[in-house]
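Residues per chain, in single letters:
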Amino acid sequence: MTTRAARACFGAWIAVLSAVYYAFPGSHLYTWAALGYSSAAMILVGVRLNQPARKLPWYLVAAALVFFNTGDNLYNLILAFGVTPNFPGPADVLYLLVYPLLTGGFLLLVRYRSGGVSNRAALLDALVPTVGLGLLAWIYWIAPFTRAHELSLLEKLVSVGYPLGDVLVLAMTLRMISTPGRRPRALTAIGIAMVGLLISDIFYGQSQLNSDWALGGPVDLGWIAFYAVMGYAALMPSMRKLSEPVHTAGGHDMGTHRIVWMATAALIAPAVLYIEWIGGAEVEKARDGVVDAPVIAGAAALMFLLVLARVNGLALAQRRARARERALRQAGAALFAAAGVEDVLEAARQAIRRLMPKDKPYELLITDFPAAAPTRIGARLMTAAELPPGVPTHGYDSFFAGQLPLPGETPRQSLGVVAADSVILADLSDTLEALFAQVEVVLQRITLTSEVNRRDSEAWFRTLIQNASDVILIVTDDDEIRYASPSAATVLGHEDLAGTPLSALVAVSHHRAMREILDAVRSGRGTQNAPDLTVLCADGRLLQAEVDGRDLREDPTVRGLVLTIGDVTERRRLEDDLSHLAFHDGLTGLANRVLFRNRLEQAFAECERQCRTLSVLFVDLDDFKEVNDTLGHAVGDELLVTVGQRIAEIIGAGSTAARMGGDEFAILIEDGHPAGTAEQVAAAIVEALAVAVEVSDGIGGSHIVSGAASVGVAASTDATSATELLRHADLALYQAKGGDKGTWQRYQPELHTAMVQRLEIRAALHDAIEGEQFRPMYQPIVDLHTGLITGVESLVRWEHPTRGLLGPFHFIEVAEESGAIVAIGMSVLRQALAQFAQWKADDPDISLRYVSVNVSARQFRTPGFVDQVREALVSAGARPEWLLLEITESLVLRDADQVWADLRVLRAMGVRIAIDDFGTGYSSLSYLRQMPVDVLKLDKSFIDDILSSEQQHTMVDAIVTLARNLDLAVVAEGIEDAGQRAALARMGCPYGQGYLFSKPVWPAEILALTHSVPELV
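Residues numbered from 1 in each chain as written. Predicted model: local features only at pLDDT ≥ 70, side-chain atom pairs only at ≥ 80, totals over all residues. Heavy atoms only, no water.

**Some points on the sheet that holds strand β15 (residues 709–715)**
Across the sheet, which stays open at both edges, the five strands sit in the order β11-β12-β10-β15-β16 with mixed pairing between neighbours. A single partner strand is all that each edge strand has here, and the edge strands are β11 (657–661) and β16 (744–746). Taken pair by pair, the neighbouring strands of this sheet meet at an average axis angle of 20 degrees, ignoring direction. Where strand β10 (residues 614–621) meets strand β12 (residues 664–670), seven bridges bridge the pair, whose relative direction is antiparallel. Following the sheet pairing, L617 is matched in β12 by I667. The strands that helix α20 (residues 633–651) touches are β10, β11 and β12; relative to β12, the one it contacts most, it runs at about 5 degrees. (Pairing = 2+ DSSP bridges. Helix = DSSP H or I, 4+ residues; strand = E, 2+ residues; numbered from the N terminus. Axes fitted to C-alpha atoms, helices over the stretch in contact; angles between N-to-C directions. Contact = heavy atoms within 4.5 Å.)

Spelled out as structure tokens, the structure:
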């Protein structure tokens, strides 16, 4: 009997029984029993006809129908005897057992249908309407029983048990319906049956509450529908799908119907609250509130939390989807760039590694099909039983597998298998299917390309041999050439080499190497480390050739040694050049830092073994940066080349001299060096480099520049390693440059102490700046004719907390190197302006007209320096004409455009500019006409010999005269006796400063000095 015929018969049977039930009330006992038991029997028939994979859930449902109908029959039988059934009674026990049986059956169907995988999204979709309908059940069904005073506790518990069982069954039904995947028709039928059961139970509960229940009324239609539809659903073929797993990728999607479903359920609580408020206003006034407010609030809160959890699940699913999409894009890019099978498989491995959860184990394997001609299996989820024989499972029972067509001489089908937990694979099935499809397409493309290449390979190889730049020779056992490729005519100039001894092509000096190569090929050792051979060309040229050989004497198509001869003459020359460049300086041709360090390490180790002394000289040009900045890098490079040549001439051939970088050179000197001891070599270098050098600037001009250098000398007797020896030489060089330049110094252990002190000063400078430990002292600038103090120069001093008052000699150089000079200079500028404004406020008639402040080149080049000066003037309340900024000549000549532009802005503000220590730099007097300056300060070195040297006297007189003609004021520095003051006054020099007038003093002493004009004159 088919299921279609069974359904038709059962439907007719139910229709007849229902008609008899309502037409003949006296037959209720028999017709109702026939309805219930026949429905349970149809479930068993359906299980037998449809053979579902899991039968237990249906047996539980059939048992529930039997208990339900048996309870009804017992109740009807008691009524038939004219007795009112007790409540609660035996029938109620049977009724209440129905709900656990239905719940258990539905729960098993949910578990089987989901494949044992928990689906949080489906559970939440079912819980929200369950809570809403449960709220209705509480308010209109359960709560009235709990408030009925005429019912005993047992009667209340049994009465409440019915609606609670209905809510439980409803929850399971909704959970089945919310399971992802296509919904079978049998599942829809079960939902209709549960609706019928729920409606009848609700009306039955209300009638029991109102004591107006009557057998055979319209309420029984819901139970009839429950019996009939449950039996009918079991006869439907789709009932098999209810116990079969449904594989879905995620299950987090939320269609429009689910949104409407959840939104409607969420509105139940406020709707009930409103209805209670409208319908029971008088009761609420008496009870001071809505009766079920706590339950309504709790249900609303619970539904709100469930909806939030569902939304959170959607957000997490969206993030996972984006991550998978990104992984697929990356895999697509890697697969597109793949050139071979290994690249494709590696890209697939990387993609699966990104897709799989980090904390979950998995296995990826690629294996050939055991069968010779496998069938098409696609890419899908599989169980261990579905895998082809021979494929390892690694202990897993769930797999995602797909075919991979691998290219080769004989194309073969392989299987890509991802083994992991079934939950993970079910979630990733769509993504893995897309990835496998991409891999398959790329492998097919590689297979097609390989086939095309294979078909073209013969023609390609023939063309390659005819046009190759390498010469291919086949050599017999007698070392004669049997075949030479056409390239022999192009490379060697020989048209036909067949029958020629191989030795005729190789220079006599390389015959032995040739025989060694042939022996190595014949013995199977190969030619990996074979030396190059010198090959004779037909025109007499010699080529340096690289030889590669293979023994193909056993190959019937060759029967000899195959030698490939490549011309590597240019390559070897280039390699030699590159090797030389790697270890030599490209400008001077001397060794570079790498080669010098290697030779130093070797020489140091050897000298230690032989108890000999090794010395290192560090040579650094004095003021080389000034040459680059003023004359250009072309002149600087020419100077470095000349210096390198002079050093090489002094130490001689065979010795190591290196350019370490910039203008720094290093030299290795061992005991017994032809040029003498290390000290003698250092003295010779200092003397040779002191001679000025004439160099070209590359554009037709020439310049005389100084190559004077300082030299540091260190010996291995003071060092324990090559690194320490280098450090000692560097310290010695630092000492030489720190004193009188153009000298050499030998390393002394005391240099360590000096360096430590220098580092301590450098570290202490930052604390000094933050602690405002720098204070300016002031030295008067005097009118040489009247003796009036017209200005003061601020001179910075450091009030060190432990060493006392320190002059600039102790810290200025370190401050310049570290950059701290910028903050120090700005602090002195602000203090000097504030002090000068204070003097003017205290004595408006004071003779002081300005304060002079030194500005370092680094401070001047600080971005925003002009604005900082403007802010300092405003902050101190000082006028711009009260400020004279002293700068160096080198600053004016370096980066002239930008510097001069800033100087013009300062002068436009009213600030005056002075060139400090004029005449000691590289400036030319011709620049004075263009320089945006106001004052020249003659260096003390000009003033010292003004009385004893006629030339010095004349030079100073010329500078003063030139400055007067250019409207520049002149201040002579370092005046220490009256004769110098008088001589300068006779020349017309207007101003001077020095110990003759006053040493630097603190601010409080300046006012007293301004009133001591006779003493100063």
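**As for the side chain of S38**
Structurally, S38 can be placed in helix α2 (residues 28–50). S38 gets classed as buried once you look at its relative accessible area, which sits at 14%. The contacts of S38, once residues within four sequence positions are left out, are F10, W13, I14 and L17. (Buried < 20%, exposed > 50% of the residue type's maximum accessible area, 1.4 Å probe, protein only.)

**Some remarks on a nonpolar patch on the surface**
Nonpolar side chains collect at one region of the surface, where L44, L56 and Y59 lie side by side and expose about 290 Å² of accessible area between them. As for its position among the elements, L56 is in helix α3 (residues 56–80). Of the residues examined, L56 reaches a relative accessible area of 46% and is grouped as partly exposed. (Patch = residues over 30% accessible without salt bridge, like charges linked within 9 Å, V, L, I, M, F, W, Y side chains within 5 Å. Areas by Shrake-Rupley, 256 points an atom, 1.4 Å probe, with all protein chains shown as cover. Salt bridge = Lys/Arg side-chain N within 4 Å of Asp/Glu carboxyl O.)

**Topic: the sheet that holds strand β5 (residues 471–475)**
What the five strands build is an open sheet, ordered β6-β5-β9-β8-β7; its pairing is antiparallel. Looking at the sheet topology across the chains shown, the edges are occupied by β6 (481–484) and β7 (533–536). Across this sheet, the average inter-strand angle for adjacent strands is 40 degrees, counted without regard to direction. Bridge count for β5 against β6 is three bridges, and the pairing is antiparallel. Its bridge partner lying in β6, L473 is registered against A484. Strand contacts of helix α16 (residues 511–523): β7, β8 (542–552) and β9 (560–567), with the helix running at about 20 degrees to β8, the strand carrying the most contacts.

**Considerations on the pairing of strand β21 (residues 883–888)**
Within β21, five of the six residues are buried, which leaves it mostly tucked inside the rest of the structure. In this structure, strand β20 (residues 850–854) lies alongside β21, joined through four bridges in parallel fashion. Residue pairing across strands places V853 opposite L885, the latter belonging to β21.

**Describing the environment of R54**
Here R54 is to be found in the loop between α2 and α3. Residue classification places R54 among the partly exposed residues on the basis of a relative accessible area of 43%. Distance from R54 to R240, taken between C-alpha atoms, is 8.2 Å for residues 186 residues apart in sequence.

**Section: the packing of aromatic side chains**
Scanning all chains against the criterion turns up 16 aromatic pairs. Ring plane angle 45 degrees and centroid distance 5.2 Å describe the contact between Y21 and W32, whose orientation is recorded as tilted. A residue pair is termed long-range when its members are at least 10 positions apart, and Y21 in helix α1 (residues 3–23) and W32 in helix α2 qualify at eleven residues. For Y21, a relative accessible area of 1% puts it in the buried group. Taking relative accessible area as the criterion, W32 reaches 3% and is therefore assigned buried. Three or more aromatic residues link up through ring pairs in this structure, and these residues are Y21, Y22, W32, F68, Y95, W223, F226 and Y227. Positioned over the ring face of Y850 is R912, at 4.6 Å from the centre of the ring. (Phe/Tyr/Trp six-rings, centres within 6.5 Å; stacked < 30°, edge-to-face > 60°. Lys NZ or Arg CZ within 6 Å of the ring centre and 35° of its normal.)

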